[in-house]
Amino acid sequence: MKVPFVSLDRQFRDLQDELTAAFQRVGASGFYILGEEVERFESEAAAYCGTRFALGVANGSDALFLPLKALGIGPGDEVITCPNSFIASAWVIVAAGARPVFVDAAHDYNLDPARLEAAITPRTRAVMPVHLTGRPAAMDEISAIAARHGLAVIEDAAQAIGARYRGRRTGSLGTAAGFSLHPVKNLGVLGDGGLITTDDPELFGRISLLRNHGLRDRDHCSVWGYNSRLDALQSAFASVKLKHLDAWSDRCRQIASLYRGGLEGVVEVPRDQPHEEAVYHNFIVRSEQRDRLASHLQEKGIGTRVHYPVPIHLQECARELGHREGDFPEVEAQARTILSLPIYPELQDEEVAYVIESVRSFFA
Ligand SMILES: *Cc1c(COP(=O)(O)O)cnc(C)c1O
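Residues numbered from 1 in each chain as written. Predicted model: local features only at pLDDT ≥ 70, side-chain atom pairs only at ≥ 80, totals over all residues. Heavy atoms only, no water.

A. Quick peek at the side chain of Thr337. As for its placement among the helices and strands, Thr337 is situated in helix 9 (residues 329-337). Of the polar contacts made by the side chain of Thr337, one reaches the backbone oxygen of Ala333; its length is 2.9 Å. For Thr337, the residues in contact, after removing those within four places along its chain, are Val285, Arg286, Ser287, Glu288 and Arg290. (Helix = DSSP H or I, 4+ residues; strand = E, 2+ residues; numbered from the N terminus. Polar contact = N/O pair within 3.5 Å; in protein donor to acceptor, adjacent residues only side chain to side chain. Contact = heavy atoms within 4.5 Å.)

B. Inspection of the sheet that holds strand 9 (residues 194-198) at higher detail. On the basis of which strands lie adjacent, the open sheet formed by seven strands has the order 1-9-8-5-4-2-3 and mixed pairing. The outermost strands of the open sheet, each flanked by one partner alone, are strand 1 (53-57) and strand 3 (99-102). Strand-to-strand twist of the sheet, defined as the mean angle between neighbouring strand axes without regard to direction, takes the value 25°. Relative to strand 4 (residues 124-127), strand 2 (residues 78-81) runs parallel, the two being bridged by three bridges. The partner of Val79 across the bridge, within strand 4, is Ala126. (Pairing = 2+ DSSP bridges. Axes fitted to C-alpha atoms, helices over the stretch in contact; angles between N-to-C directions.)

C. Representation of the site of the ligand within the structure. Around the ligand sit 15 residues, and of these Gly60, Ser61, Asp156, Ser180 and Lys185 come closest. Between the ligand and the protein, one listed contact pairs an oxygen atom with a side-chain N or O atom of Ser61 at 2.6 Å. With respect to the ligand, the side chain of Ser180 contributes an N or O atom lying 2.7 Å from an oxygen atom. For the ligand, whose accessible area on its own is 380 Å², the fraction buried by protein is 92%. Within the residue set of the shell around the ligand, elements represented by two or more residues are helix 3 (60-70) and helix 4 (88-95). The element contributing the most residues to the shell around the ligand is helix 3, with three residues. Grouping the amino acids of the shell around the ligand by side-chain chemistry returns five nonpolar, eight polar and two charged. (Near = heavy atom within 4 Å. Areas by Shrake-Rupley, 256 points an atom, 1.4 Å probe, with all protein chains shown as cover. Nonpolar A, V, L, I, M, F, W, Y, C, P; charged D, E, K, R; others polar.)

D. The environment of Arg271, seen in detail. Relative to the helices and strands, Arg271 is located in the loop between helix 7 (232-263) and strand 12 (276-277). Accessibility expressed as a relative area gives 44% for Arg271, which makes it partly exposed. For Arg271 and Ala232, which are 39 residues apart along the polypeptide, the C-alpha to C-alpha distance reads 38 Å. Excluding anything up to four places from it in sequence, Arg271 contacts Arg135, Arg260, Glu264 and Glu276. At 2.2 Å, the side chain of Arg271 forms a polar contact with the side chain of Glu264. (Buried < 20%, exposed > 50% of the residue type's maximum accessible area, 1.4 Å probe, protein only.)

E. Geometry of the domain arrangement of the protein. The domains assigned to the protein are domain 1 (8-103 + 113-242) and domain 2 (245-363). The C-alpha centroid of domain 2 is placed 25 Å from the C-alpha centroid of domain 1. Listed by partner, the interface residues are 37 residues for domain 1 and 32 residues for domain 2. Roughly 3000 Å² of surface becomes buried between domain 1 and domain 2 when both sides are summed, with 57% attributable to carbon and sulfur atoms. Counting across the domain 1 and domain 2 interface gives five salt bridges. Of the charged contacts in the structure, one is a salt bridge between Asp272 and Arg135, with a shortest N-O distance of 4.0 Å. Broken down by secondary-structure element, the contributors of at least two residues to the side of domain 1 that touches domain 2 are helix 1 (8-29), strand 3, strand 6 (164-165) and helix 7. No other element matches the four residues that helix 1 contributes to the side of domain 1 that touches domain 2. Of the residues that constitute the side of domain 1 that touches domain 2, the class distribution is 19 nonpolar, eight polar and ten charged. (Domains from an automatic or database assignment. Buried area = accessible area lost by both parts, 1.4 Å probe. Salt bridge = Lys/Arg side-chain N within 4 Å of Asp/Glu carboxyl O.)

F. The arrangement of the pattern of salt bridges in detail. The full count for this structure, using the stated rule, is 21 salt bridges. In this structure, Arg10 and Glu351 form a salt bridge, with 2.8 Å as the shortest nitrogen-oxygen distance. Placement of Arg10 in helix 1 and of Glu351 in helix 10 (residues 349-363) is noted, with a sequence separation of 341 residues between them. Summarising the burial analysis for this pair, Arg10 and Glu351 share the class buried. Each of Arg25, Glu37 and Arg40 takes part in one network of salt bridges that share partners.

So, in structure tokens, the structure goes:
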């Protein structure tokens, strides 16, 4: 048996008719950039996340970058985030001209709120917690600290669409949030795409300008902007997939619970807290023998990944920030021991059982 780490072709096969109909509808409409399709997806997404506004943009990175710009964050400012994330969580801060300041992770891989306050300086403008692996960060604690210091909270929700925290969806838990619609994310389109949510009408207005050249209307430009629009075609695909998202998240939670049942006591497995509902973008296990376990699974035909083997503060591009090994010991220890197992809604029970059996056979 072969169990690929990702298998996007399976979802395409399941949705082929719906996606083809969307393609034909958009093609025949003659409108390919912004317009009705994008607006429809935006209002569906806002309703889904429980926010007043949602805005389609070109990718998940821009979905974080544009709110930073719209908040006026730039040179001389600091933005706090976690060093165990996809590199985009940090480069968007650098791209805005600000300095990323890292806070170590807690045991759940998310920003440790107990270490947040110590990282705040007079230059801090915002906190950008990442809902890593599809599990919401400790938003109550983070928001309370942010409010006390007058900081904006931008959720990096790229991996966490649909997850809930005390009953509320990610995207509705901060000043603004950025989602990625990259094909491997939980709501992935057939190319690049991103989504911003917010309840703040002024912020929404500024981001709307920024994503479309700064144009107020066809001929008048209020601010220097960017070209960061979501295609009509990708919006139509996203609308098709949004209808299936909750069922997919349920299935991923079911797979997670099968993994937990089969692997508890063999490797360290993630546990949901009662006040959160994760969507399992990744299912990460921990073992001191991670590298050998990964090779063993590869020999068995099972794809795995490490999210992420090199923490951001130790990346070559981050050298200018002056960090060294030992600065964020929890994240560094995680980087040495974590392994992501295959998890996606189309994964079959037999495949999950095979992964469990193969992990167990390594330790037997
Ligand atoms: C994927 C991802 C991004 C960036 O999204 P893109 O659509 O690839 O630009 C940002 N943050 C996190 C945590 C991600 O996983």
